[in-house]
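Survey of secondary and tertiary structure
Single-letter residue listing:
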Amino acid sequence: MSTLARIEDEWHHEVPVARLKGEVDTSNVDEVRERLRSLLTNRSVALVIDLSQTTYLDSAGINLLFALGDEMRGRQQRLAVVVADPSPIARMITLTGLDQAMPVRPTLAEALGDVRGPGE
Amino acid sequence: METWEASTPAGLPTGAPQALADLQRVTDAALSHLSLNSLLAALLERIAEILHSDTAAFLLLDDSGDVLVARAAKGIEEEVEQGVRIPVGRGFAGRIAAERHPIYIPDVDHADVLNPLLRQKGIRSLLGVPLVASGRVVGVLHVGTLTPRVFTAADTELLQVAADRAALAIDHAQAYEHEREARERSERAVRVLESVQRVTDAALAYLSTDELLNVLLERMREILHADTAAILMLEHDGRMLRARAAKGIEEEVEQGVRLPVGRGFAGRIAAERHPIFIPDVDHSDVLNPLLREKGIRSLLGVPLLVEGRVIGVLHVGTLTPREFTDDDRNLLQLAADRAALAIDHAEIYEQRRLAAALQRSLLPQDLGEFPGLEVTARYMPAAVGTALGGDWYDLFPIGAGRIGIAVGDVVGRGLEAAALMAQLRTTLRAYAFDGHPPAEVVDRLNRMLAYLRPATMTTAAYLTLDPERHTLQVVSAGHPPPLVIAPDGTARYLPIKGGIALGVSRGSRYAAQEFDLPPGSTVVLFTDGVVEVRGEALDEGLERLRLLAEREHASVDVLCDSVIETMVADGRPADDVAVLAVHLVPLGDHVVTAWPAQAEALAGVRHLLRRWLRQQGAVDDEIYDITVACQEACANAVEHAYAPGKEAFEVEARKVGRTVEIVVRDRGQWRRARGTHRGRGMPMMEALMDSVHVQHTADGTAVILRRELAGDAPA
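Residues numbered from 1 in each chain as written. Chains lettered and ligands numbered in written order. Predicted model: local features only at pLDDT ≥ 70, side-chain atom pairs only at ≥ 80, totals over all residues.

What to know about the overall build of chain B
- Broken down by element type, chain B carries 18 helices and 27 strands.
- Looking at the 715 residues of chain B, the share that counts as buried comes to 42%.
- The long-range fraction of contacts in chain B, counting pairs at least 24 apart against all pairs at least 6 apart in sequence, stands at 63%. (Helix = DSSP H or I, 4+ residues; strand = E, 2+ residues; numbered from the N terminus. Buried ≥ 20, exposed ≤ 12 C-beta atoms within 10 Å, placed from the backbone. Contact = placed C-beta atoms within 7 Å.)

Written out as structure tokens, the structure reads:
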């Protein structure tokens, strides 16, 4: 992994949370994608990506989130994103309509509530 | 006392013609051509005949001058055979030599004759005279009779003439003998000297160690007329010897012969640290089967010593039994000393080479490139001892265009210091990448050191530079303060409140101090070797460096080279020296930069643009939006520009009134991105900027982005 970004993961029961720290651009987006995919197995029900400590995210990162959302939806898995609001990245997400494609929440608790769904 | 002591003869005998004839017989010139032994024998023969004596004998003084030794005898040959020795001053002959005049003994029974042979032989009367040459006594000539006999004065005179004749010949012979011995001694000395020269030959120093050992062994074999020669080296554990080089017994090296220290021929030389000579291998405890197989009969071996410590054994062997002289042994030891020195030097050189390679691998090979910064570092190990030092430095990106700069100095030298240095460097980097603020990085480093190596002290400084906000955060753990050269060329040390050195206390807490670093400034970090010069107060060293920095700051390379050159000019440094400089290049209002078509370049563009935008008065949201828009254009250029090399696309930034204009130019053809989740770049640019224009030209594509800054109200 290049030194631009690093991903810390933590588990909330069955749900992995990936905390993306640093910058995501074309140069490291592939590594970030692989790292995020590695947190998922066929039995995973959901993934939360926490962008609250991400300092840079451009269309390469936005594209990655869209693509990952599509992939997971196809496997009946849910993806949610945490992002501080207001923040430049929140504006970027609104601008690109990512918030229409998946839950984007200002706190981790809300995002976890979304992916666990009713009954959990 | 019945002895008669004759008076010294007054002159030549006169009288009877017979006497003259007798005289001629003992002075006969023809005798001169005889060797000394033949001369003495002929003289004894003639004297006995002339004087009608039964015995005649020459005794000569030995080298000490205290003892007479029988040299030639007639009628009493046992004297010579038994090597009779008579002390000067005692007895018949002894008194003649001591008193330098003839003695006549009419009756041996009533005299103090010491020599038992004379009595055993039944000699009754004796006459003896001193042999005098060049005024000194060289011996005694005496005649004896088995019947009592009266010797006349004429007899005495004749005997004395014969004695003088003999003395002259003896003197000559001895002079010749001495000359010959002296010549032989000097010839031998020359031979030894030549051999020594062949062994100590300065030209050998230019050979590799293996070649040198081979030449030495070959020469030893020649000089000592030996059939085999071999060198065995002590292994590192000091318990075994291993064959290193051999002549005439090459199998020793080929088969990698190993022998235990303490037993056998070579093993005992190594253990006892002195030469061993084995006259006959058959009757000795030689362990090496090869020596026996080769049929070696005699062996001489010496230890290879370096500063009194055994590092190996050198031995020569012969296929026929032989003796070795002291000279041989000394010469072999000389060759061994020479070989030991060469091996030791080679090992030291090898260790230094390895150490230097290790050191290089422990320090950053390449500090990397940081747009808008000039960075460089120099490291020079101390002139003395092992090349491994504990000085270190590091420089790395820590995200958002900021860089971390570290410098440290582990107390001590050698492998341990270098290993600890490497651990500290890696640990500090890891904490920095984890995103900890600088003070926290150093706090953790301190706790890690206490865990890694308790009771080890080391100084370090960790700085983070934010080029965008031109600020410098400094955390010092007992390290000399950073030097900052301002844009106007004046240099000053940052007034830091230095924390305690790392490793002193587990509970130490460090604080970061923030300093403004105006564009055009240079930060200089160094280890104390730079400012601590023998016989100089620390303040003097700091001031010397400060003045040097004010003089020599044309570039960071010039600065660091000057620091090192000054250290070298003052004599090689006694301590390791590390120096690192970072220059914050000022950005103009109109900036044009060129970049390679690599995704890795994007971060550099982004960080430089952010710095420029902030300098132009843009606020955080504007900076972010404009940066993202520009990156979209750059990402496209990276994807489609086909010019290789470092300058594949160009980013130009300027401000017209309140409007920021960014132009991204490449030499490729603009294409709409394909794929489901591609193609968001263009809409994003359009959403983030006031205007986006794409111009296609014959040379390539230019994307022109414009946005008016809201907060940029004129003052």
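Anyway, onward from the coordinates.
Notes on the overall build of chain A
- Broken down by element type, chain A carries five helices and six strands.
- N-terminal to C-terminal, the α/β element order of chain A is β-β-α-β-β-α-β-α-α-β-α.
- Scored against the burial criterion, the 120 residues of chain A give a buried share of 39%.
- Considering only intrachain contacts with a sequence separation of at least 6, the fraction spanning at least 24 residues in chain A is 64%.

Points about the packing of helix 11 (residues 326-362) of chain B against helix 12 (residues 415-433) of chain B
All names here are of chain B.
- Orientation of helix 11 relative to helix 12, taken along the N-to-C sense of each, is 15°, at an axis distance of 10 Å. Taken together, the axes of helix 11 and helix 12 lie roughly parallel to each other. Here helix 11 runs over helix 12; the crossing is left-handed. Contacts between helix 11 and helix 12 pair Leu 358, Gln 359 and Leu 362 from the former with Ala 418, Met 421 and Ala 422 from the latter.
- Here the residues of the contact of helix 11 with helix 12 sort into five nonpolar, one polar and no charged. (Axes fitted to C-alpha atoms, helices over the stretch in contact; angles between N-to-C directions. Parallel < 35°, antiparallel > 145°, perpendicular 65-115°, else oblique. Left-handed = near helix turned anticlockwise from the far one by under 90°. Nonpolar A, V, L, I, M, F, W, Y, C, P; charged D, E, K, R; others polar.)

So, the packing of helix 6 (residues 153-200) of chain B against helix 11 of chain B
Residues and elements named next belong to chain B.
- For the pair helix 6 and helix 11, the least separation of the axes is 9 Å and the interaxial angle reads 15°. In terms of orientation, helix 6 and helix 11 fall into the roughly parallel class. Considering how the two elements wind past one another, helix 6 and helix 11 form a crossing that is right-handed. Between helix 6, through Val 192, Ser 195, Val 196, Val 199 and Thr 200, and helix 11, the contact on the second element is made entirely by Asp 327, Leu 331, Leu 334, Ala 335 and Arg 338.
- Across the contact of helix 6 with helix 11, the residue classes tally to six nonpolar, two polar and two charged.

Observations regarding the pairing of strand 12 (residues 309-318) of chain B
Residues and elements named next belong to chain B.
- Within strand 12, seven of the ten residues are buried, which leaves the element mostly enclosed by the surrounding structure.
- In terms of strand pairing, strand 11 (residues 298-306) meets strand 12 through nine bridges, oriented antiparallel. Bridged to Val 306 within strand 12 is Arg 309.
- The turn joining strand 11 and strand 12, which pair antiparallel and follow one another in sequence, is formed by two residues; a positive phi near 50° is taken by Glu 307. (Pairing = 2+ DSSP bridges.)

Quick look at the pairing of strand 21 (residues 522-526) of chain B
All names here are of chain B.
- With five of five residues buried, strand 21 lies mostly within the body of the structure.
- In strand 21, alternate side chains face the same way, and those of Thr 522, Val 524 and Phe 526 on one face and Val 523 and Leu 525 on the other are all buried.
- Sheet topology places strand 18 (residues 483-485) next to strand 21; three bridges connect them, and they run antiparallel. Each residue of the ladder has a partner; that of Ile 485, found in strand 21, is Thr 522.
- Where strand 21 lies against strand 22 (residues 577-584), five bridges are found, and the strand directions are antiparallel. Residue Val 524 lies in a different strand from strand 22, and its bridge partner there is Ala 581.

As for the interface of chain B and chain A
- Taken together, the contacts link 23 residues of chain B with 22 residues of chain A.
- At the level of secondary structure, the elements contributing two or more residues to the side of chain B that touches chain A comprise strand 14 (391-399), helix 16 (601-615), helix 17 (620-640) and helix 18 (681-688) of chain B.
- Residue contributions to the side of chain B that touches chain A peak at seven residues, all from helix 17 of chain B.
- Considering only residue class, the side of chain B that touches chain A consists of twelve nonpolar, five polar and six charged.

Some thoughts on the sheet that holds strand 24 (residues 649-656) of chain B
Residue and element names in this part refer to chain B.
- Within the open sheet, the five strands sit side by side as 23-24-25-27-26. Their pairing is antiparallel. Two strands in the sheet have a free side with no partner beyond their single neighbour: strand 23 (591-595) and strand 26 (691-696). For this sheet, the mean inter-axis angle between neighbouring strands, taken without regard to orientation, is 15°.
- As judged from the eight bridges shared by strand 24 and strand 25 (residues 659-666), these two strands associate in the antiparallel manner.

Quick notes on helix 9 (residues 264-272) of chain B
All names here are of chain B.
- Among the residues of helix 9, those classed as buried are Gly 264, Phe 265, Ala 266, Gly 267, Ile 269 and Ala 270.
- Where the residues of helix 9 are buried, they touch strand 7 (228-234), strand 8 (240-247), strand 9 (258-260), strand 10 (276-278), strand 11 and strand 12.
- Positioned one or two residues after helix 9, Arg 273 has a phi angle of 55°, which is positive.

A word on unusual backbone geometry
- Across the junction of A:Asp85 and A:Pro86, the peptide omega takes the value 5°, indicating a cis bond.
- Looking at the secondary structure, you find A:Pro86 in the loop between strand 5 (78-82) and helix 3 (88-96).
- Unlike most non-glycine residues, B:His52 shows phi in positive territory, near 55°.
- Turning to its location among the elements, B:His52 is positioned in the loop between helix 2 (36-51) and strand 1 (55-61).
- For B:Ser134, which is not glycine, the phi dihedral falls at a positive 50°.
- As for its placement among the helices and strands, B:Ser134 is situated in the loop between strand 5 (125-133) and strand 6 (136-145).
- Judged by the 9 C-beta atoms lying within 10 Å of it, B:Ser134 falls in the exposed class.

Re the nonpolar core
- Counting residues in hydrophobic clusters, the biggest one holds 68 residues, and the most contacted among them are A:Val48, A:Val81, B:Ala629, B:Cys630, B:Cys634, B:Val664 and B:Leu705.
- A total of eleven residues in this core trace back to one element, the largest contributor, which is helix 17 of chain B.
- What B:Cys630 contacts, discounting residues up to four positions off in sequence, is B:Leu609, B:Ile662, B:Val664 and B:Leu705.
- In this structure, B:Ala406, B:Val441, B:Val524 and B:Met567 belong to the second largest nonpolar core, which totals 66 residues. (Core = buried A, V, L, I, M, F, W, Y, C linked by C-beta atoms within 7 Å.)

With respect to the sheet that holds strand 13 (residues 373-380) of chain B
All names here are of chain B.
- Here five strands make up an open sheet; going across it, the order is 13-22-21-18-19 and the pairing antiparallel. Two strands close off the open sheet at either side, each with one partner strand: strand 13 and strand 19 (491-493). On average, adjacent strands in this sheet sit at an angle of 15° to one another, irrespective of strand direction.

Quick word on the environment of B:Ala432
Residue and element names in this part refer to chain B.
- With respect to the secondary-structure elements, Ala 432 resides in helix 12.
- Residue class for Ala 432 comes out buried when judged on the 27 C-beta atoms lying within 10 Å of it.
- When the C-alpha positions of Ala 432 and Gly 404 are compared, they lie 7.5 Å apart, and in sequence the two are 28 residues distant.
- Contact partners of Ala 432, with chain neighbours within four places excluded, come to Ile 398, Gly 404 and Val 441.

Concerning helix 11 of chain B
Residues and elements named next belong to chain B.
- An ideal rise of 1.5 Å per residue puts 54 Å on 37 residues; helix 11 measures up with 53 Å between its terminal C-alpha atoms.
- Along helix 11, the positions that sit buried rather than exposed are Asp 328, Leu 331, Leu 332, Ala 335, Ala 336, Arg 338, Ala 339, Ala 340, Ala 342, Ile 343, Ala 355 and Gln 359.
- On its buried side, helix 11 packs onto helix 6, helix 7 (209-223), strand 7, strand 11, strand 12 and helix 12. (Expected span 1.5 Å × (residues − 1).)

Some points on the confidence of the model for chain B
Residue and element names in this part refer to chain B.
- Mean pLDDT over chain B: 85, with 91% of residues reaching 70 or higher.
- Predicted confidence in chain B is weakest over helix 1 (residues 17-27), with a mean pLDDT of 72, and strongest over strand 18, with 97.
- Contacts for the low-pLDDT stretch residues 6-14, under 50 throughout, to residues beyond four places or in other chains number 13 contacts.
- Of the two predicted TM-score estimates for the complex, the pTM is 0.62 and the ipTM is 0.89. (pLDDT = per-residue confidence, 0-100.)

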